[in-house]
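Listed here are the chains, written in short residue letters.
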Amino acid sequence: MSNRKNGQWILKTRPVGMVKESDFDYVETPVAELLADNEVLIRNLYFAFEPAMRGWLNDVKSYLPPVQIGDVMRAGTVGQVIESNNPDFTVGDYVSGTMGWQEYVIIDGKPGMTGAVNKVPEGVPPYLMLSALGTTGLTAYFGMLDLGKPGVGDVVVVSGAAGATGSVAGQIAKIKGAAKVVGIAGGEAKCKWLTEELGFDIAIDYKSENVKDELSKHCPNGIDIFFDNVGGEILDAALINMANNGRIVLCGGISAYNETELPPGPSNYMQLVIRRCTMAGFIVLDYLDQAPKAYSDILGWIADGSLKHAEDIQEGIENTPKTFLRLFEGKNRGKQLLKIAEPPIV
């Protein structure tokens with residue numbers, strides 16, 4: 001190996017309220033000169049960003065341990081093998097995994113080892129493993145199909161519909177025969193994108209329209225499935241407009257991720273009783289053993305044109321924290337990615 005330096009973004013301080021660029025610090029560390037048995041050296045190409053990463057910065061118990069002060073920020077990435085001491089990985093292979101905000105990473109390629117990576121299927125653009133085939137795409141797939149269970153004639157509403165997960169979830173509902181899919185998003189451009197390009201029947205602009213009133217107007221017989229990425233007032237507006245036996249899928253709650261004090265719970269929660277609804281949360285990690293079926297379905301839908309995906313790709317490792325903030329500033333449309341190197345690199 002040459003004397004490579006590994007550019008890394010580490011957690012400097014735990015955010016209080018809105019996450020800030022200054023909560024992270026850029027450092028450079030040397031890359032090991034020799035690989036041990038089964039190790040591979042990977043050059044990261046793209047970082048993926050999702051709102052759930054905000055929760056990993058808090059020192060609280062969750063489905064994943066918090067990122068520790070001084071640690072490289074956890075994130076899904078896709079990269080390319082540039083050196084290998086493992087017979088299962090060849091120089092030039094594209095791989096995806098949770099490799100963090102850093103340029104280089106050495107992975108022990110033994111099966112079942114923590115930090116293991118997966119090869120990108122041949123013919124699949126590497127960045128797609130972070131968007132439609134990544135955590136957000138799988139979240140949309142399993143949340144909508146396993147908990148939402150859309151069927152012919154259903155009225156489906158998706159909040160955060162212009163984001164990576166919401167945009168896919170709404171399209172899956174249409175694929176499965178939903179009669180009407182309504183997306184809630186912020187801004188005229190995002191709303192037009194949902195209806196004119198992704199096939200949503202209606203888009204509600206929460207920045208300029210009353211969500212509760214618009215849901216009542218567009219869903220006069222109630223909402224059968226509400227796929228929620230936002231929480232807060234939008235969840236409350238959906239609750240009062242649910243149909244009998246409706247299903248509420250709790251995917252995320254970005255409206256409160258940067259709050260120093262959590263807001264009160266939904267005031268309309270008794271609608272769950274009145275309308276005999278179910279409301280359930282889920283974590284995509286529980287479904288990873290079923291990922292091959294999801295990959296097959298999603299790739300098939302992309303191939304036949306029934307599922308469209310979008311990536312908001314920024315560039316430059318120096319812009320990593322700034323790109324993360326785009327999620328909470330409402331700037332991204334589709335999956336937020338950052339390209340830090342131009343493939344192929346070997």
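Parameters at a glance
- Residues numbered from 1 in each chain as written.
- Predicted model: local features only at pLDDT ≥ 70, side-chain atom pairs only at ≥ 80, totals over all residues.
- Heavy atoms only, no water.
- 1 Å grid on protein atoms, 1.4 Å probe; cavity = no way out; pocket = protein on both sides within 12 Å on 5 of 7 lines; lining within 4 Å.
- Points joined across faces, edges and corners; volume = space filled by probe spheres on them.
- Helix = DSSP H or I, 4+ residues; strand = E, 2+ residues; numbered from the N terminus.
- Nonpolar A, V, L, I, M, F, W, Y, C, P; charged D, E, K, R; others polar.
- Salt bridge = Lys/Arg side-chain N within 4 Å of Asp/Glu carboxyl O.
- Buried < 20%, exposed > 50% of the residue type's maximum accessible area, 1.4 Å probe, protein only.
- Contact = heavy atoms within 4.5 Å.

Enumeration over the complete set of coordinates arrives at one cavity of 30 Å³ or more. Surrounding the largest cavity, Ser131, Ala132, Thr136, Ala164, Ser167, Val168, Trp193, Lys308, His309, Ala310, Gly334 and Lys335 form its lining. Ranked by residue count, the leading element in the lining of the largest cavity is helix α2 (residues 164-175), at three residues. For the lining of the largest cavity, the per-class residue count stands at five nonpolar, five polar and two charged.

Applying the stated criterion across every chain, the model contains 15 salt bridges. Between Glu188 and Lys192 there is a salt bridge, with its nearest N and O atoms 3.4 Å apart. Here the residue Glu188 and the residue Lys192 both occupy positions in helix α3 (residues 188-196), the gap between them amounting to four residues, near one helical turn. Residue class for Glu188 comes out exposed when judged on its relative accessible area of 55%. Note on Lys192: relative accessible area 41%, which makes it partly exposed. The salt bridge involving Lys339 is made with Glu315; its shortest N-O contact spans 3.8 Å. Here Lys339, found in strand β15 (residues 335-339), pairs with Glu315, found in strand β14 (residues 311-315); they are 24 residues apart in sequence, far enough to count as distant. Of the residues examined, Glu315 reaches a relative accessible area of 51% and is grouped as exposed. The structure contains a network of salt bridges with shared partners spanning Glu315, Lys339 and Glu342.

What follows is about the environment of Met242. Tracing the sequence through the fold places Met242 in strand β12 (residues 242-250). In this structure, the C-alpha to C-alpha distance between Met242 and Leu34, residues 208 residues apart in sequence, is 60 Å. Residue contacts for Met242: discarding those within four places in its chain leaves Gly222, Ile223, Asp224, Phe226, Arg247, Ile248, Arg275 and Cys277.

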